[in-house]
Amino acid sequence: MESGMPLSGGQRALIRESWQRVSGSPVQHGLVLFTRLFDLDPDLLPLFQYNCKQFASPQECLSAPEFLDHIRKVMLVIDAAVSHLENLSCLEEYLCNLGKKHQALGVKVESFSTVGESLLYMLEKCLGAAFSPEVQEAWSKLYNAVVKAMRRGWETLPEGD
């Protein structure tokens, strides 16, 4: 990620402060995020299958131990981004490879905007009144930088997006 990422010191502080309030219960808050994701785009459900098992409903998926592991991993990626706000470029290769993995699984780049909406929804629900427009803007900028790096995973494969 380019060093000119437009996160001010104040925005980094808002992200850290808000994440500290959420990161203590990653699975609980991740369930809020993914419940919202499936509400917004139920067509994403078939992308989540484990041992060739299709889930009949979002509720079935959200309660599967394998999916709870996926939630933990997603929350760890967010945690890594928050931990490296001063130097996001050190995550560039990791995020690009993560993008390649998501493309191989059939995830469309367009789905990341729905994930972003779901992330902001989760933060709003979990932070309550502390979820200010400034917090929302800071998280949107961070998320956009992460997605930009993941998109490079699509660009390095012949199919493109």
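- The name an unreviewed UniProt entry assigns to the protein is Neuroglobin, from the organism Lonchura striata.
- Of the protein, the UniProt comment under Sequence similarities (unreviewed entry) reads exactly: "Belongs to the globin family."
- Its UniProt record gives the protein a comment under Catalytic activity (unreviewed entry), which states: "Fe(III)-heme b-[protein] + nitric oxide + H2O = Fe(II)-heme b-[protein] + nitrite + 2 H(+)".

## Re the packing of helix α1 (residues 9–22) against helix α6 (residues 111–127)
Helix packing for two helices is described by the angle between their axes and how far apart those axes are.
Consideration 1: Between α1 and α6, the least distance of the axes is 10 Å, while the angle of their chain directions is 70 degrees. By the angle between their directions, the pair α1 and α6 is classed as roughly perpendicular. Across the interface between the two elements, Ser-18, Arg-21 and Val-22 from α1 touch Met-122, Leu-123, Cys-126 and Leu-127 from α6.
Consideration 2: Of the residues assigned to the contact of α1 with α6, the class counts are 5 nonpolar, 1 polar and 1 charged.

## What to know about the state of the cysteines
Consideration 1: In total, this model carries 0 disulfides according to the counting rule given.
Consideration 2: The closest cysteine sulfur to the non-disulfide-bonded Cys-90 is located on Cys-96, 15 Å from its own sulfur.

## Focus: the environment of Lys-148
Consideration 1: Along the polypeptide, Lys-148 turns up in helix α7 (residues 133–155).
Consideration 2: The class of Lys-148 is partly exposed, set by a relative accessible area of 41%.
Consideration 3: Distance in space between the C-alpha atoms of Lys-148 and Glu-92 is 9.5 Å, their sequence separation being 56 residues.

## Some points on the packing of aromatic side chains
Consideration 1: One pass over the full model with this rule turns up 8 aromatic pairs.
Consideration 2: Taking 5.8 Å as the distance between ring centres and 50 degrees as the angle between the ring planes, the aromatic pair formed by Trp-19 and Trp-139 counts as tilted. With Trp-19 in helix α1 and Trp-139 in helix α7, the pair connects residues that are 120 residues apart, well separated along the chain.
Consideration 3: The buried category is assigned to Trp-19, whose relative accessible area is 3%.
Consideration 4: Owing to a relative accessible area of 1%, Trp-139 belongs among the buried residues under this scheme.
Consideration 5: A centroid spacing of 6.0 Å and a plane angle of 35 degrees characterise the contact between Phe-38 and Phe-67, whose relative ring orientation is tilted. Here Phe-38 is found in helix α2 (residues 26–40), whereas its partner Phe-67 is found in helix α4 (residues 65–83), with 29 residues between them in sequence.
Consideration 6: A relative accessible area of 3% places Phe-38 in the buried class.
Consideration 7: Aromatic rings pair up to connect Phe-34, Phe-38, Phe-48 and Phe-67 into one cluster.
Consideration 8: The side chain of Arg-36 reaches across the aromatic face of Tyr-121, ending 4.4 Å from its centre.

## What about the pattern of salt bridges?
Consideration 1: One pass over the full model with this rule turns up 6 salt bridges.
Consideration 2: A salt bridge links Glu-86 to Arg-12; its shortest N-O distance comes to 2.9 Å. With Glu-86 in the loop between α4 and α5 (92–104) and Arg-12 in helix α1, this pair connects stretches of sequence that are 74 residues apart.
Consideration 3: Residue class for Glu-86 comes out exposed when judged on its relative accessible area of 55%.
Consideration 4: Asp-69 is paired through a salt bridge with Arg-72; the nearest N and O atoms lie 2.9 Å apart. Of this pair, Asp-69 and Arg-72 both sit in helix α4, 3 residues apart, roughly one helical turn.
Consideration 5: Residue classification places Asp-69 among the partly exposed positions, given a relative accessible area of 39%.
Consideration 6: Here the residues in one salt-bridge network are Arg-12, Arg-16 and Glu-86, joined through shared partners.

Parameters and conventions
- Residue positions are given per chain, counted from 1 along the sequence in the order it is written.
- Only residues with pLDDT of 70 or above have their local features reported here, since the model is predicted, and side-chain atom pairs are shown and tallied only from 80 upward, although totals for entire chains, interfaces and linings are computed over all residues.
- Water and hydrogen atoms play no part in the side-chain values, which are based on all heavy atoms of the structure.
- UniProt positions are given in the numbering used here, feature names are shortened, and annotations may be inferred rather than shown by experiment.
- Note on geometry: axes are lines fitted to C-alpha atoms, helical ones only across the stretch in contact, with angles between N-to-C directions running from 0 to 180 degrees.
- Secondary structure elements follow DSSP: runs of H or I no shorter than four residues count as helices, runs of E no shorter than two count as strands, and numbering proceeds from the N terminus.
- When an angle is under 35 degrees it counts as roughly parallel; over 145 it counts as roughly antiparallel; between 65 and 115 it counts as roughly perpendicular; any other value is oblique.
- Contacts between residues were defined by any pair of non-hydrogen atoms, one from each residue, lying within 4.5 Å.
- Nonpolar residues are Ala, Val, Leu, Ile, Met, Phe, Trp, Tyr, Cys and Pro. Charged residues are Asp, Glu, Lys and Arg, and all others, Gly as well, are polar.
- Cysteine sulfur atoms that pair up within 2.5 Å are treated as a disulfide.
- Whether a residue is buried, partly exposed or exposed follows from its accessible area with a 1.4 Å probe, protein chains only, as a fraction of its type maximum: under 20%, in between, or over 50%, in that order.
- Here is the rule: rings of Phe, Tyr and Trp (six-membered ring for Trp) pair when centre to centre is within 6.5 Å. Planes less than 30 degrees apart are stacked, more than 60 are edge-to-face, and the remainder are tilted.
- Distance and angle both matter: a charge sits over a ring if NZ of Lys or CZ of Arg is within 6 Å of the ring centre and within 35 degrees of the ring normal.
- Throughout this description, the term salt bridge denotes a Lys or Arg side-chain nitrogen within 4 Å of a carboxyl oxygen of Asp or Glu.

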